[in-house]
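An overview of the molecular structure
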Amino acid sequence: MNLGVRWTLHGDGRTPAPGAVVRPDERLSWPRTAGLGAQHVVAMFGASFVAPVLMGLDPNLAIMMSGVATVIFLLATRGRVPSYLGCSLSFVGVAATIRASGGDSATVTGAILVVGAALFLVGLVVRRFGARVVHVAMPPVVTGAVVMLIGFNLAPVTAATYWPQDQWTALLVMVFTGLAVVCLRGFWSRIAIFLGLVFGYGVSWLFDRVFGRIHSTTGGAEAVDHWRLDLSGVGRADWIGLPSFHAPSFEWSAILVALPVVIALIAENAGHVKAVGEMTGDPLDDELGTAIAADGAASMLSTAVGGPPNTTYSENIGVMAATRVYSTAAYWAAAGFALLFGLCPKFGAVVAAIPGGVLGGITVILYGMIGLLGAQIWTNAGVDLRNPLNLVPTAAGIIIGVGGVSLRISDTFEIGGIALGTIVVVTGYHVLRAFAPAHLKEQTPLLDSGTSAYDKDA
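If you're wondering where the values come from, they're calculated on a predicted model, not measured in any experiment.

Right, let's get into the side chain of threonine 394. Topologically, threonine 394 is positioned in helix H19 (residues 388-403). The exposure class assigned to threonine 394 is buried, which follows from its relative accessible area of 4%. With residues near it in sequence (within four places) discarded, threonine 394 still touches Val141, Ala145, Trp378, Leu385 and Val425.

Moving on: the domain arrangement of the protein chain. Under the domain assignment, the protein chain is made up of domain 1 (23-381) and domain 2 (384-436). Using C-alpha coordinates to define each centre, domain 1 is positioned 27 Å away from domain 2. Contact with domain 1, which involves 19 residues of that partner, is made by 16 residues of domain 2. Where domain 1 packs against domain 2, one counts zero salt bridges. Summed over the shared surface of domain 1 and domain 2, the number is zero residue pairs in polar contact (both at pLDDT 80 or more). The dominant element in the side of domain 1 that touches domain 2, judged by the number of residues it contributes, is helix H6 (residues 140-152), at eight residues. A breakdown of the residues in the side of domain 1 that touches domain 2 according to their chemical character gives 17 nonpolar, two polar and no charged.

Its identity as a non-glycine residue notwithstanding, arginine 78 has a phi of 55°, on the positive side. Looking at the secondary structure, you find arginine 78 in the loop between helix H2 (59-76) and strand S3 (85-87).

Now for the packing of H19 against helix H20 (residues 417-435). Between two packed helices, the angle of one axis relative to the other and the distance separating the axes together describe the packing. At a closest axis distance of 7 Å, the pairing of H19 and H20 adopts a crossing angle of 170°. Regarding the angle of H19 to H20, the classification is roughly antiparallel. The crossing of H19 and H20 is right-handed. Judged by residue contacts, Leu389, Asn390, Val392, Pro393, Thr394, Ala396, Gly397, Ile400 and Gly401 of H19 engage Gly417, Ile418, Leu420, Gly421, Val424, Val425, Gly428, Tyr429, Leu432 and Arg433 from H20. Split by residue class, the contact of H19 with H20 holds 11 nonpolar, seven polar and one charged.

Before going further, it helps to spend a moment on the pattern of salt bridges. Within the structure shown, the criterion is met by six salt bridges. As a salt-bridge pair, arginine 80 and aspartate 286 come within 2.9 Å of each other at their nearest N and O atoms. Of this pair, arginine 80 sits in the loop between H2 and S3 while aspartate 286 is found in the loop between helix H13 (261-280) and helix H14 (288-304), placing the two residues 206 residues apart along the sequence. Residue class for arginine 80 comes out partly exposed when judged on its relative accessible area of 22%. The shortest N-O distance in the salt bridge between aspartate 384 and arginine 386 comes to 3.0 Å. Assessed through its relative accessible area of 30%, aspartate 384 is described here as partly exposed. Linked by salt bridges that have partners in common, Arg78, Arg80, Asp286 and Glu287 make up one network.

The rules behind each value
All residue numbers refer to positions counted from 1 along the written sequence of the respective chain. Local features in this predicted model are restricted to residues of pLDDT 70 or higher, and side-chain atom pairs are both shown and tallied only at a pLDDT of 80 or more, whereas totals for entire chains, interfaces and linings draw on every residue. In computing side-chain values, all of the structure's heavy atoms are included and hydrogens and water are not. Put simply, DSSP H or I for four residues or longer makes a helix, DSSP E for two residues or longer makes a strand, and each gets a number counted from the N terminus. Burial status follows relative accessibility: with a 1.4 Å probe on protein chains alone, a residue under 20% of its type maximum counts as buried, one over 50% as exposed, and anything between as partly exposed. Contacts are assigned to residue pairs that have any heavy atoms within 4.5 Å of one another. Residue ranges for the domains trace back to a domain assignment, done automatically or taken from a database. Salt bridges are identified by distance alone: a Lys or Arg side-chain nitrogen within 4 Å of an Asp or Glu carboxyl oxygen. Two N or O atoms form a polar contact when they lie within 3.5 Å of each other; inside protein one atom must be a possible hydrogen donor and the other a possible acceptor, and for residues adjacent in sequence the pair counts only when both atoms belong to side chains. Residue polarity follows a fixed list, in which Ala, Val, Leu, Ile, Met, Phe, Trp, Tyr, Cys and Pro are nonpolar, Asp, Glu, Lys and Arg are charged, and the others, Gly among them, are polar. Under this scheme, a helix contributes an axis fitted over its contacting stretch, all axes are lines through C-alpha atoms, and angles between N-to-C directions fall in the 0 to 180 degree range. Each angle is binned into one of four classes, with values under 35 degrees roughly parallel, values over 145 roughly antiparallel, values of 65 to 115 roughly perpendicular, and all other values oblique. By definition, any crossing whose near helix is turned counterclockwise from its far helix by less than a right angle is left-handed, and any crossing with a clockwise turn is right-handed.

Next up, the structure:
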């Protein structure tokens, strides 16, 4: 049985020849492969650090389970799709909404576990019927709108929770991170979020030394005097130990809030598989269903023990593009490093100590980037928003999702925000399409011609 765990040595094992690439089933020497694995870990550090902190989950467990998830993904795809699975930022808004409604970490992970199960089932359907079924049900106009409302729904979290904790540090971190994203090149631009975190730590430490304590909120309602950077927990943490586990709990209200993220995850996986296939020269359309199912299974396992969900990381695609090394052996090495980091509580304590002002500066950019990925989906697919069939459901759904509009069904059940916005976009588009005149139904190919054109007879 081919599990993709055997690699042939590329050339002399040192560096690829000019113009050559290291294919997924090849590798460089093991020391160089380990070094590339460490580079992949650093590339995913920024987002994978921030996401569990923003969701209120254990960062140690998040890093550990990202390694486990990567192993599951590599085995499921038989080493054909080189990818790292890190903590998904798409669920940050979901976690904030659930906690604002009185839910705890168990409620958050329970809701996301159900999303993982739904994603797994979608993957099986795609394996059986092909990628076309996804494109018909969720064309780019729909997926772009859902991704956009998920990202922009997070704006109040930054404005009300993180930025007020230290506005000047937040402003400096925002400026530095923006400059890093735009001005740096290659690998360094891919770890701009991580560099922003390091810069923020330094600024917070310096401001504490120069200005003393700050009087502000620390995520709560009342302002108090506190240090910007509190590393007391790092000193108390052990060097070696297991992360904290907890079992999930399930509530329908939380599940309904989380389910729309399935659409964003499908779009992420489809884009990732497409990009990797183009980079490696190996068409991977037949692996899309497997990749989606593997992502779902990995997220189910992670949330079952109290960790966050996982998804394929574009940061690591950037590393592959810069190095031209697509070897899955490097991802196995990265998974091993992640497992080791997960067993170091002191490392988790450093992550948990990220100052609120630093998160304010990072999330201003990060949340906006998530939302604008929806616009990128529209642009890449040539979605015409002058067409009222596209414009009406997306406009209504985005305002509902971003504005937190709610619909009370009964005295004990209410749906709103991301969940209601997604329902309006998805059902609104298909219902309107059923009644729209023929000239409004003309669609450009959704992903690639011949495999993703909308079924006009549907």
